[in-house]
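Each chain is listed here by its residues.
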Amino acid sequence: MFLHGTSQVNDQGHLQIGGCDTSDLAEQFGTPLYIVDEALVRQRCREFVNAFSASGLKFQVAYASKAFCVLAMCRIAEEEGMSLDVVSDGELYTAIEAGFPVERIHFHGNNKSIQEMEMAIDAKIGCFVVDNFIELHMLNAVAAEKNQKVKILLRITPGVEAHTHEFISTGQTDSKFGFDLGNGAAFRAIDEASKLANLEILGIHSHIGSNIFEVEGFKMAVEKMIGFATQVRSELNVTFKVVNLGGGFGIRYVEGDTPLPVAEYVKAITEGIIDFFGKHDYPIPEIWVEPGRSIVGDAGTTLYTLGTSKDIPGVRKYVAVDGGMTDNPRFALYGSRYEAVLANRAGEATEELVSVAGKCCESGDMLIKDIELPKVNQGDLLAISCTGAYNYAMASNYNRIRKPAVVFVKDGQADLVVKRESFDNIIGNDVIPARMQKQALKA
Ligand SMILES: Cc1ncc(COP(=O)(O)O)c(C=O)c1O
Ligand SMILES: N[C@@H](CCCC[NH3+])C(=O)O
């Protein structure tokens, strides 16, 4: 397994992350366990902030909290000078409870409710990213009722096809998100928004997809956004102060993945902007981005205990872990690939080809198809790397499995940031109607 960040194999042949022996972590916190390499998260934040600082442009790097949204992560984002992208009242609530500076919160989503709008306006967040015409008018009405002027970006669908999995591609015309550039909806949206008294247009937003390994898509999006900005200025007399290019920067999950260094993604974006706006009489807007996966993805490792196995001669050997699609649904959803190592025998040579299954009642509940490991034993620890983004965030309670705990590790210290769910959490919201209560037996 590729060793990300502070991961290394220690003298006992155990995988160690953030100076903590994973065997000790398993003993202390149990498995499955999400382990987050805090130093690597902070390093990724800094790579973005430093790359933008070097460009000389005004910028905001908004951590896309959907990737992994818990109180402690919001604290790190704040400490590292990031802004925050939230998509629901739950993410907004988490950010507020973490004490995240509200003026740096951006509210996304293609179906925000009135209650969510009210909550965000009352909290005085920085801006909304408006997704469609219904929302545009709803937001104006809610803001008017509260006698507020609300800052907005308009999400534009630029018609750029990102090279990534179909389910996480969002820049193409056939998308549920945003105002389409090609059919004139984006132009009409700016026109309408500019006439709404309780909205202030800051600028435009685009997000072409997720886990992208090249810069061409971003460059094309920049080009389209700039072309649109100039058209809007000349025809509608609206000048954008902000251009937000979303997230989507890829990471290395498995050998063969070829993400670019953060600085190269940023350079592709900022160079295009500087080049164009420098040549035209247009005040250079602030550039915002929204990385999620590239901030937390490779900093996460999930630690499991191996249980049963099933060898089907000539077909496949299944080894089952004490978690599965409930803590990581990405194989089931996208066929995502992962690397893994036996954490308690990380120095040993590989000996057998196995497939890692979860414990859910579902054939598709797999984590890895075909991986070489040492001869596995029941009770061994399996560490799957690169599970920091969209794992805990998309975890479920299917089969009433409790969600694992999350620990942050750094400099030999492990801090619990999310407790393992309890049985009380599992039945906590259940109600037995009075008519179903057990009757006392009649004498
Ligand atoms: C609008 C928006 N911004 C940011 C992100 C974060 O993307 P990623 O985690 O790929 O950086 C997403 C998710 O793809 C998104 O939809
Ligand atoms: N959940 C997806 C990414 C979605 C990005 C959000 N727009 C994944 O795990 O890859």
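Small disclaimer: the values here were computed from a predicted structure and weren't measured.

**Thoughts on helix α7 (residues 185-194)**
And then number 1: Among all positions in α7, only Ala185, Ala186, Ala189, Ile190 and Ala193 are buried. The arc that holds every buried residue of α7, seen down its axis, measures 140°, which confines them to one face.
And then number 2: Along its buried surface, α7 packs onto α6 (133-145), β9 (150-157), β10 (179-180), β11 (199-205) and α8 (216-236).

**Regarding the site of ligand 1**
And then number 1: Near ligand 1 there are 16 residues, and of these His207, Ser210, Glu290, Arg293 and Tyr390 occur at the shortest range.
And then number 2: Contact distances for ligand 1 include 2.3 Å between an oxygen atom and a side-chain N or O atom of serine 210.
And then number 3: Protein burial of ligand 1: of its 390 Å² of free accessible surface, 92% is covered by the chains.
And then number 4: In this structure the site holding ligand 1 corresponds to the largest pocket.
And then number 5: For the shell around ligand 1, a count of residues per class yields three nonpolar, eight polar and five charged.

**Focus: the UniProt feature "binding site: pyridoxal 5'-phosphate" (unreviewed entry) in the protein**
And then number 1: UniProt annotation of "binding site: pyridoxal 5'-phosphate" (unreviewed entry) refers to Gly248, Glu290, Pro291, Gly292, Arg293 and Tyr390 when read in the numbering used here. In the annotated set above, the residues contributing to the lining of the largest pocket are Gly248, Glu290, Pro291, Gly292, Arg293 and Tyr390.
And then number 2: Checked against the element boundaries, glycine 292 lands in the loop between β13 (286-289) and α10 (293-296).
And then number 3: A relative accessible area of 5% places glycine 292 in the buried class.
And then number 4: Residues in contact with glycine 292, not counting those within four places in the same chain, are Tyr63, Ala64 and Ala67.
And then number 5: With respect to the helices and strands, tyrosine 390 occurs in the loop between β19 (381-385) and β20 (405-410).
And then number 6: In this structure, tyrosine 390 is in contact with Lys66, Ala67, Arg293, Pro329 and Arg330, ignoring residues within four places of it in sequence.

**Structural notes on the packing of aromatic side chains**
And then number 1: Summed over all chains, the structure comprises 14 aromatic pairs.
And then number 2: Taken together, a centroid distance of 6.0 Å and an interplanar angle of 85° make the contact between phenylalanine 68 and tyrosine 392 edge-to-face. Pair noted here: phenylalanine 68 is in the loop between β5 (59-64) and α3 (71-79) and tyrosine 392 is in the loop between β19 and β20, with a separation of 324 residues, a long-range link.
And then number 3: Grouped by ring-pair contacts, the aromatic residues Tyr34, Phe68, Tyr392 and Phe408 constitute a single cluster.
And then number 4: It is arginine 402 that lies over the ring of phenylalanine 423; its NZ or CZ is 3.9 Å from the centre.

**Brief notes about the site of ligand 2**
And then number 1: Around ligand 2, the structure places seven residues, and the nearest of them are Arg293, Arg330, Tyr334, Tyr390 and Met394.
And then number 2: One of the side-chain N or O atoms of arginine 330 is found 2.6 Å from an oxygen atom in ligand 2.
And then number 3: Between tyrosine 334 and ligand 2, the recorded distance is 2.8 Å, taken from a side-chain N or O atom to a nitrogen atom.
And then number 4: For ligand 2, whose accessible area on its own is 310 Å², the fraction buried by protein is 83%.
And then number 5: Judged by the fraction of its atoms near the pocket grid, ligand 2 is located in the largest pocket.

**Comments concerning the pairing of strand β17 (residues 352-357)**
And then number 1: Summarising burial for β17: five of the six residues are buried, a large majority.
And then number 2: One ladder, built from three bridges, connects strand β15 (residues 316-321) with β17; its direction is parallel. Across the sheet, alanine 320 pairs through a bridge with alanine 357, a residue of β17.
And then number 3: In terms of strand pairing, β17 meets strand β18 (residues 366-373) through five bridges, oriented antiparallel. In the strand pairing of β18, valine 356 is matched with isoleucine 368.

**Section: the layout of surface pockets**
And then number 1: If you add up the space inside the largest pocket, you get close to 790 Å³.
And then number 2: For the largest pocket, the lining is made up of 38 residues, of which Lys66, Val87, Phe177, His207 and Tyr390 are closest to its centre.
And then number 3: Its residues assigned to classes, the lining of the largest pocket comprises 13 nonpolar, 14 polar and eleven charged.

**Let's talk about a nonpolar patch on the surface**
And then number 1: On the surface, a nonpolar cluster with roughly 210 Å² of combined accessible area is contributed by Met1, Leu3 and Val9.
And then number 2: Examined against the element boundaries, leucine 3 turns out to sit in the segment before β1 (8-9).

**Quick look at the sheet that holds strand β3 (residues 20-21)**
And then number 1: As summarised here, the arrangement of the three strands in space is β1-β2-β3, forming an open sheet in which the pairing is antiparallel. Edge positions in the open sheet fall to β1 and β3, since each of these has one partner strand only.
And then number 2: Where β1 lies against strand β2 (residues 15-17), two bridges are found, and the strand directions are antiparallel. Paired with glutamine 8 across the bridge in β2 is glutamine 16.

Parameters and conventions
- Residues numbered from 1 in each chain as written.
- Chains lettered and ligands numbered in written order.
- Predicted model: local features only at pLDDT ≥ 70, side-chain atom pairs only at ≥ 80, totals over all residues.
- Heavy atoms only, no water.
- Buried < 20%, exposed > 50% of the residue type's maximum accessible area, 1.4 Å probe, protein only.
- Helix = DSSP H or I, 4+ residues; strand = E, 2+ residues; numbered from the N terminus.
- Arc of directions from axis to C-beta.
- Contact = heavy atoms within 4.5 Å.
- Near = heavy atom within 4 Å.
- Polar contact = N/O pair within 3.5 Å; in protein donor to acceptor, adjacent residues only side chain to side chain.
- Areas by Shrake-Rupley, 256 points an atom, 1.4 Å probe, with all protein chains shown as cover.
- 1 Å grid on protein atoms, 1.4 Å probe; cavity = no way out; pocket = protein on both sides within 12 Å on 5 of 7 lines; lining within 4 Å.
- Sits in = over half its atoms within 2 Å of the grid points.
- Nonpolar A, V, L, I, M, F, W, Y, C, P; charged D, E, K, R; others polar.
- UniProt positions renumbered as here; feature names shortened; annotations may be inferred.
- Phe/Tyr/Trp six-rings, centres within 6.5 Å; stacked < 30°, edge-to-face > 60°.
- Lys NZ or Arg CZ within 6 Å of the ring centre and 35° of its normal.
- Pairing = 2+ DSSP bridges.
- Points joined across faces, edges and corners; volume = space filled by probe spheres on them.
- Patch = residues over 30% accessible without salt bridge, like charges linked within 9 Å, V, L, I, M, F, W, Y side chains within 5 Å.
- Salt bridge = Lys/Arg side-chain N within 4 Å of Asp/Glu carboxyl O.

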